Amino acid sequence: MDSLKKLFVSLLLFLFSSFLFGDINGVESSNKHPHLQHLYGPKKMFVFGDSYVDTGNIKMREAPSWEVPYGITFPGKPSGRFSDGRVSTDFLAKLLGLKSPIPYLWKDYAGHERLKYGMNFAYGGTGVFETINSNLNMTYQINLFEQLIGNIYSPSDLSSSLALVSVAGNDYITYLSSSTTITLPLILGIPAFTKKIINQTEVNLRRIHALGVKKIAIPLLHPLGCIPFISKGSSVQDCNIIINALVINHNNLLQTLVANLNKETGLSTFMFIDYYNAFLTVFKNKGEIPGSTRFETPLKECCGGICGVVDEKGQKNYTLCDEPKSAFFWDALHPTQEGWKSVYAVLGKNLTASLIKA
């Protein structure tokens, strides 16, 4: 009888795990295309960063990413992703033939099969330094990762893994929001602030590499001056060129850092993913890019207002477009699934080659 009880409990746990990771978090319950995994590419992904790569680490009811209409495209209901569907992490994992790594929040409910693809430590709203979620910044996320080494992951696991490090957008938004108006002192302080971000990013990248990760991908900052939160526009002509100039300076310094780190290691350990030009290419796309959608008003968000928020009477504080696939931006800050799909269509084979390069 006891053996039957144990069997019943095991079955319940299995079903719960399948539901949690195949449905709530929007991750397929089986790898339908195992042959797609690159033979010489990374076998695991460890993800650090913000809402562009977070796949469900914020607790339910603590962010709109768990509220309708987030997730309406995939998996059909909110999954903690800041989009109508998949985000950057999901598309990068697909390029590698991997399942999207499990969020750290759900690790205790995951079996060995789910953990073997790596883990996602990213948390929406965070940055390199203090932001709206300051205690969960990059340093904190790397601390969580380090605690798992020797426990869940071995040194050999790390040697065949890729780290995705996506931060800094929230740092700049926090910095620019520190004043009600863009003042001259605020602008003059930007170069020093950028240098501070790059210096700490170097510390973070060196630390991840020292822990045993052999391949580290760092997205360049996307054109912040084009996000609806800043541009309030519908076409690329509405992008804020001053903010984008700030971003270009940041990205130039980041590329120099990557080159110097690779020169030091003598390998192609560090690489950047060019979000900046990929975003702009999609914005200007007239239909000539295979796999990339042509967006009529690329800077106009699908979910306007305060997306996912309702008032005390249950009235929506947002408006929703008819078809999310027609929009590049989901809300004032984040791309739609179709937006991310188009970005990765632009990045394409060159990115894949860099990811598996020794």
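Identification of the chain as GDSL lipase/esterase from Arabidopsis thaliana x Arabidopsis arenosa is taken from an unreviewed UniProt entry.

Counting its secondary structure elements, the chain contains twelve helices and eight strands. The burial tally for the chain puts 51% of its 358 residues in the buried class. Carbon and sulfur atoms provide 58% of the accessible area of the chain, an area that totals close to 16,800 Å².

Looking now at the pairing of strand E7 (residues 303-310). Sheet topology note: the E7/strand E8 (residues 316-320) ladder contains four bridges and is antiparallel. Looking at the pairing, glycine 305 lines up with tyrosine 318 of E8. Between E7 and E8, which pair antiparallel in sequence order, lie five residues; one of them, glycine 314, sits at a positive phi of approximately 85°.

In the contact formed by helix H2 (residues 88-95) and helix H12 (residues 337-356), the axes pass within 9 Å of each other and the chain directions differ by 35°. As for how H2 packs across H12, the hand of that crossing is right-handed. Residues Ser88, Phe91, Leu92 and Leu95 of H2 lie in contact with H12, whose contacting residues are Gln337, Trp340, Lys341, Tyr344, Leu351, Thr352 and Leu355. Across the contact of H2 with H12, the residue classes tally to seven nonpolar, three polar and one charged.

Bringing the pattern of salt bridges into the picture now. The final tally for this structure, using the stated rule, is seven salt bridges. One salt bridge connects aspartate 90 with arginine 81, and the closest N-O pair in it is separated by 2.9 Å. Comparing aspartate 90 with arginine 81 shows no difference in burial state: the two are buried. Here lysine 107 makes a salt bridge to aspartate 108, at a shortest N to O gap of 3.6 Å. By relative accessible area, which is 15% here, lysine 107 ends up buried. Relative accessible area serves as the criterion here: at 65%, aspartate 108 is assigned to the exposed category. Overlapping salt bridges bring together Glu202, Arg206 and Glu264 as one network.

Once that is clear, we can look at the state of the cysteines. For the structure on display, the rule yields three disulfides. A disulfide bridge connects cysteine 226 with cysteine 239, and the sulfur atoms are separated by 2.0 Å. One disulfide, between cysteine 226 and cysteine 239, carries an S-S torsion of 115° and so falls in the right-handed class. One end of the pair, cysteine 226, is in the loop between strand E5 (215-219) and helix H9 (228-231); the other, cysteine 239, is in the loop between H9 and helix H10 (241-265), with 13 residues separating them in the sequence. One disulfide in the model links cysteine 303 with cysteine 307; its S-S distance is 2.1 Å. Looking along the S-S bond of the cysteine 303-cysteine 307 disulfide, the torsion reads about 100°, which is the right-handed sense. The pair formed by cysteine 303 and cysteine 307 is uniform in burial state, with each residue classed as buried. In the chain, numbering the disulfide-bonded cysteines from first to last in sequence yields the connectivity 1-2, 3-6, 4-5.

Turning our eyes to something else, we now look at empty space enclosed by the protein. Under the definition given, this model contains one cavity of 30 Å³ or more. Those elements that provide at least two residues to the lining of the largest cavity are E5 and H10. Within the lining of the largest cavity, the residues separate by chemical class into seven nonpolar, two polar and no charged.

Here we take up the environment of glycine 304. Position of glycine 304 relative to the elements: it lies in strand E7. Of the residues examined, glycine 304 reaches a relative accessible area of 12% and is grouped as buried. Separated by 17 residues in sequence, glycine 304 and cysteine 321 place their C-alpha atoms 8.3 Å apart. Sequence-distant contacts of glycine 304, defined by excluding residues within four places in its chain, comprise Asn317, Tyr318 and Thr319.

For the rest of this paragraph, the subject is the sheet that holds strand E6 (residues 270-273). The pairing of strands in a sheet comes from backbone hydrogen bonds and takes either a parallel or an antiparallel form. Within the open sheet, the six strands sit side by side as E2-E3-E1-E4-E5-E6. Their pairing is parallel. Looking at strand neighbours, the two that pair on one side only are strand E2 (102-103) and E6, the edges of this open sheet. In the sheet, E5 pairs with E6 via four bridges, with the strands oriented parallel. Following the sheet pairing, isoleucine 218 is matched in E6 by phenylalanine 272. Relative to strand E1 (residues 44-49), H2 is tilted by about 160°, and along the sheet it contacts E1, strand E3 (118-120), strand E4 (161-166) and E6. Most of the contacts of helix H4 (residues 138-148) go to E1, to which it runs at about 150°, and overall it touches E1, E3 and E4.

Looking now at the pairing of E4. Buried residues dominate E4, accounting for six of its six residues. The alternating pattern of E4 places Ser161, Ala163 and Val165 on one face and Leu162, Leu164 and Ser166 on the opposite face, and all of these are buried. When E1 meets E4, the two strands line up parallel, connected through six bridges. Paired with valine 47 across the two strands is leucine 164, which belongs to E4. Relative to E5, E4 runs parallel, the two being bridged by three bridges. Pairing of leucine 162 across the sheet is with lysine 215, part of E5.

Thresholds, definitions, all that
Residues numbered from 1 in each chain as written. Predicted model: local features only at pLDDT ≥ 70, side-chain atom pairs only at ≥ 80, totals over all residues. Heavy atoms only, no water. Helix = DSSP H or I, 4+ residues; strand = E, 2+ residues; numbered from the N terminus. Buried < 20%, exposed > 50% of the residue type's maximum accessible area, 1.4 Å probe, protein only. Areas by Shrake-Rupley, 256 points an atom, 1.4 Å probe, with all protein chains shown as cover. Pairing = 2+ DSSP bridges. Axes fitted to C-alpha atoms, helices over the stretch in contact; angles between N-to-C directions. Left-handed = near helix turned anticlockwise from the far one by under 90°. Contact = heavy atoms within 4.5 Å. Nonpolar A, V, L, I, M, F, W, Y, C, P; charged D, E, K, R; others polar. Salt bridge = Lys/Arg side-chain N within 4 Å of Asp/Glu carboxyl O. Disulfide = S-S within 2.5 Å. 1 Å grid on protein atoms, 1.4 Å probe; cavity = no way out; pocket = protein on both sides within 12 Å on 5 of 7 lines; lining within 4 Å. Points joined across faces, edges and corners; volume = space filled by probe spheres on them.

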